[in-house]
Amino acid sequence: MTVAVGANTQATAQKRNGDPGSNDTDLARRLRECREFFELPELAHLPAERKTSVLKEMRRTGTYVQSAEEILIGAKLAWRNHARCVGRKHWRTLELIDARHATSAQDIADACFEHLTVATNGGALRSIVTVGPPPLPDGREYRILNPQLIRYAGYRGADGTVVGDPAHLELTELAQSLGWRGEGTAFDVLPLMISTPDEPVQLFDVPSELVLEVPLVHPNYRWFADLGLKWHAVPAVSDMDLEIGGVRYPCAPFNGWYVNTEVGARNFSDTDRYDMLPTIAKKLRLDRSSDRTLWKDRALVELNRAVIHSFRESGAYMVDHHTVAKQFVDHVEREAKAGRSCPTDWSWINPPMSSSITPTFHRLYDPPDLDIRPNFVSRRGSGCPFS
Ligand code: ARG
């Protein structure tokens, strides 16, 4: 008896949390999200019947087909609502590639390639979201397994050292297990790995002419170029769900542009990534006998100067952490004037170096409500909470 009550309570609690398995409450939640979406001022221009008819359709079938306009507005709002994005000032500029017609992994790959072409735009980056098909009624779905459209492989050698990006060791092994062979350089672009309702995971090499890369050079130190570092210009996140009006799009890659610190103060300097600070400090002949000489801090500044300088030299757009912080504070103030809250995660908004000399550091924000919709929702489980 006790057991039965316990089990029942657990099931109820799960339903309350919107567990996708518990279909009644999941539908109730999605109906609410749908109603709330069509009541947003951004959709006030639609005829009133639209809301009634999609709600009716959703009650009957569990879902409904959104118009491209609804998706674009929803995706812009998802960006505006995303508490961890410091680039939100530009939410209105987002453009949509509607790829819901895709029926194969090849179709998804083609849409991703188009995305890269349009987003790269010869270096004048454009913010794009590509939206693939929603899940089928039975729950099977289209998915991109790569966390971003462009990611560098990581290979562990026999002696335990890693060539490439250690963050992608597992993904690289998966690609290899599916027959892919990389060249073995520190910057091999991984193939897109796409799963669909009816096919096993398929691999697609990203054509190199679609991958704009920036070789790193330093404005003062000629030796810097000899380190042979480079990074790709377009950060296109491909493993988050886009949730709009009660509909979830698991295949919805989107991009903005880099802040220098993502590359210089994380990708190349984290000890579990390319870990370049010791090498750079050595070339700078810094005293590394103690952390207290601040050799890491000094190497970090030079690395970030190189990143900013190189992107500028290559004609690839990137923003620096001072400028983006100012833009974000502008954005927050503009949102307040418009009478909207702006949920914000302080720990993500502040740059990973020099935070206290940017304006985002010295203030509080609306609490980071990861539950408001529309939004981009992470599928990543545990791991580093700041990547
Ligand atoms: N931090 C990630 C990287 O270094 C990119 C995340 C998205 N960044 C952006 N600026 N939109 O690749």
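Further up the page is the structure itself.
In this text, all values refer to a predicted model and were calculated from it rather than measured experimentally. (Residues numbered from 1 in each chain as written. Predicted model: local features only at pLDDT ≥ 70, side-chain atom pairs only at ≥ 80, totals over all residues. Heavy atoms only, no water.)

A. Structural detail: the packing of helix H7 (residues 260-267) against helix H9 (residues 295-314). Where H7 meets H9, the axes come as close as 9 Å, and the angle between the chain directions of the two elements is 145°. As for how H7 packs across H9, the hand of that crossing is right-handed. Where H7 approaches H9, its residues Asn260, Thr261, Val263, Gly264 and Ala265 are matched on the opposing element by Leu300, Leu303, Asn304, Val307 and Ile308. (Axes fitted to C-alpha atoms, helices over the stretch in contact; angles between N-to-C directions. Helix = DSSP H or I, 4+ residues; strand = E, 2+ residues; numbered from the N terminus. Left-handed = near helix turned anticlockwise from the far one by under 90°. Contact = heavy atoms within 4.5 Å.)

B. Main features of the sheet that holds strand E14 (residues 375-378). One open sheet holds the 3 strands; their spatial order is E12-E11-E14, and the pairing between them is antiparallel. Each of the sheet's edge strands pairs with one partner strand only, and the pair in question is strand E12 (247-249) and E14. Ignoring which end each strand starts from, the neighbouring axes of this sheet average 30° apart. Those strands touched by helix H4 (residues 68-81) are strand E11 (240-244), E12 and E14, and its axis lies near 115° from that of E11. (Pairing = 2+ DSSP bridges.)

C. Representation of the packing of aromatic side chains within the structure. Evaluated as defined, the whole model comprises 15 aromatic pairs. Pairing Tyr152 with Trp231 gives two aromatic rings, centres 5.0 Å apart and planes at 80°, and the pair type is edge-to-face. Taken together, the residues Tyr152 in the loop between strand E3 (143-144) and strand E4 (154-156) and Trp231 in strand E9 (residues 230-232) connect sequence positions 79 residues apart. Classification of Tyr152 as buried rests on a relative accessible area of 1%. For the ring pair Phe268 and Tyr274, a centre distance of 5.2 Å and an interplane angle of 65° mean the geometry is edge-to-face. Of the aromatic side chains, those joined through ring pairs into one cluster are Tyr152, Phe187, Trp231, Phe268 and Tyr274. (Phe/Tyr/Trp six-rings, centres within 6.5 Å; stacked < 30°, edge-to-face > 60°. Buried < 20%, exposed > 50% of the residue type's maximum accessible area, 1.4 Å probe, protein only.)

D. Spatial organisation of the site of the ligand. Surrounding the ligand, one finds Gln148, Arg151, Pro235, Val237, Trp257, Tyr258, Glu262 and Asn267. Between an oxygen atom of the ligand and a side-chain N or O atom of Arg151, the distance comes to 2.9 Å. Between the ligand and Asn267 there is a distance of 2.9 Å, counted from an oxygen atom to a side-chain nitrogen or oxygen. With the chains in place, 72% of the 350 Å² that the ligand exposes on its own is no longer accessible. The residue inventory of the shell around the ligand, partitioned by class, reads 4 nonpolar, 2 polar and 2 charged. (Near = heavy atom within 4 Å. Polar contact = N/O pair within 3.5 Å; in protein donor to acceptor, adjacent residues only side chain to side chain. Areas by Shrake-Rupley, 256 points an atom, 1.4 Å probe, with all protein chains shown as cover. Nonpolar A, V, L, I, M, F, W, Y, C, P; charged D, E, K, R; others polar.)

E. Highlighting the pairing of strand E2 (residues 128-131). Neither face of E2 is exposed, since Ile128 and Thr130 on one face and Val129 and Val131 on the opposite face are all buried. In the sheet, strand E1 (residues 95-98) pairs with E2 via 4 bridges, with the strands oriented parallel. Across the sheet, the residue bridging to Glu95 is Ile128, located in E2. Assessed by its sense of winding, the connection that carries the chain from E1 through helix H5 (residues 105-120) to E2 is right-handed. (Right-handed = clockwise from strand over helix to strand, strands pointing away.)

Without other data, these values stay purely geometric and don't point to any function.
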